[in-house]
Amino acid sequence: MPASRPLKKPFIAILVKRAVLFFFLLSLLVVYLYGIGTAQEFMDRTQLLLLRLSVILGLSLAVSSIYGIILNVWIIVHDRKYRLLGGAGLYIALGIFGAVIATLAAFIIVAAGGNRT
């Protein structure tokens, strides 16, 4: 049985993977800071800033995850590398996570008094 060669991924796929990981970690950090700020009674402006950052990072995570899904599907179809199906599933899960974070943060902004300055 011949040894299989390691998968040679395109450079853009590596960049997208790292961008998704970056946005995911930043989203977790901002949500964590918002949770701490709620318990520690941060100022309202700080809480609003964290919520706005959550919306931006959540949407960025969702969009970059969609791009990652498209790239993975293209690699799977073009190169017939079916072992990348798990990566596409992970991109789907992270995209849903980003969309949920952005939606919840936007809902909290509106419920807390609107998107004022």
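Let me sum up the structure you'll find in this document. (Residues numbered from 1 in each chain as written. Predicted model: local features only at pLDDT ≥ 70, side-chain atom pairs only at ≥ 80, totals over all residues. Heavy atoms only, no water.)

1. Structural notes on the nonpolar core
Cut-off, in case you're wondering: Side-chain atoms within 4.5 Å are what join buried Ala, Val, Leu, Ile, Met, Phe, Trp, Tyr and Cys residues into a set we call a nonpolar core. Only protein chains enter the accessibility calculation, which uses a 1.4 Å probe; a residue is then buried when its area is under 20% of its type maximum, exposed when over 50%, and partly exposed in between. Each helix is a run of DSSP H or I of at least 4 residues and each strand a run of E of at least 2, with the numbering of both proceeding from the N terminus. It only takes one pair of heavy atoms within 4.5 Å for two residues to be counted as in contact.
Counting 6 residues, the largest nonpolar core is built from V16, V20, L61, L71, Y91 and L94. Put simply, the parts of the chain that give this core at least two residues each are α1 (11-40), α2 (44-79) and α3 (85-111). Sequence-distant contacts of L71, defined by excluding residues within four places in its chain, comprise I12, A13 and V16. Counting residues in hydrophobic clusters, the runner-up holds 5 residues, among them L51, V55, A105 and I109.

2. Looking at the packing of aromatic side chains
To keep it simple, the criterion reads: Each aromatic pair joins two rings of Phe, Tyr and Trp (for Trp, the six-membered one) with centres within 6.5 Å, and gets the label stacked for planes under 30 degrees apart, edge-to-face for over 60, and tilted for any other angle.
In this structure the tally under the stated criterion is 2 aromatic pairs. Summarising the aromatic geometry, the rings of F22 and F23 are spaced 5.9 Å apart at their centres and angled 55° between planes, so their arrangement reads as tilted. A ring pair is formed by F24 and F97, whose centres lie 5.4 Å apart and whose planes are at 65°; its orientation type is edge-to-face. Of this pair, F24 sits in helix α1 while F97 is found in helix α3, placing the two residues 73 residues apart along the sequence. Relative accessible area serves as the criterion here: at 26%, F97 is assigned to the partly exposed category.

3. Some details on empty space enclosed by the protein
Where we set the bar: Detection works on a 1 Å grid of protein atoms alone, calling trapped sets that fit a 1.4 Å probe cavities and calling open sets with protein on both sides within 12 Å along at least five of seven lines pockets, with lining residues defined by an atom within 4 Å of a point. Grid points are joined across faces, edges and corners, and a volume is the space filled by probe spheres set on the points.
Summed over the entire model, instances satisfying the criterion amount to 1 cavity of 30 Å³ or more. Here the largest cavity is characterised by a volume of approximately 30 Å³. In terms of lining, the largest cavity is formed by K9, A13, V16, G68, L71, N72 and Y91. Where the lining of the largest cavity is concerned, the elements lending two or more residues are α1 and α2. Per element, the largest residue contribution to the lining of the largest cavity is 3 residues, and it comes from α2.

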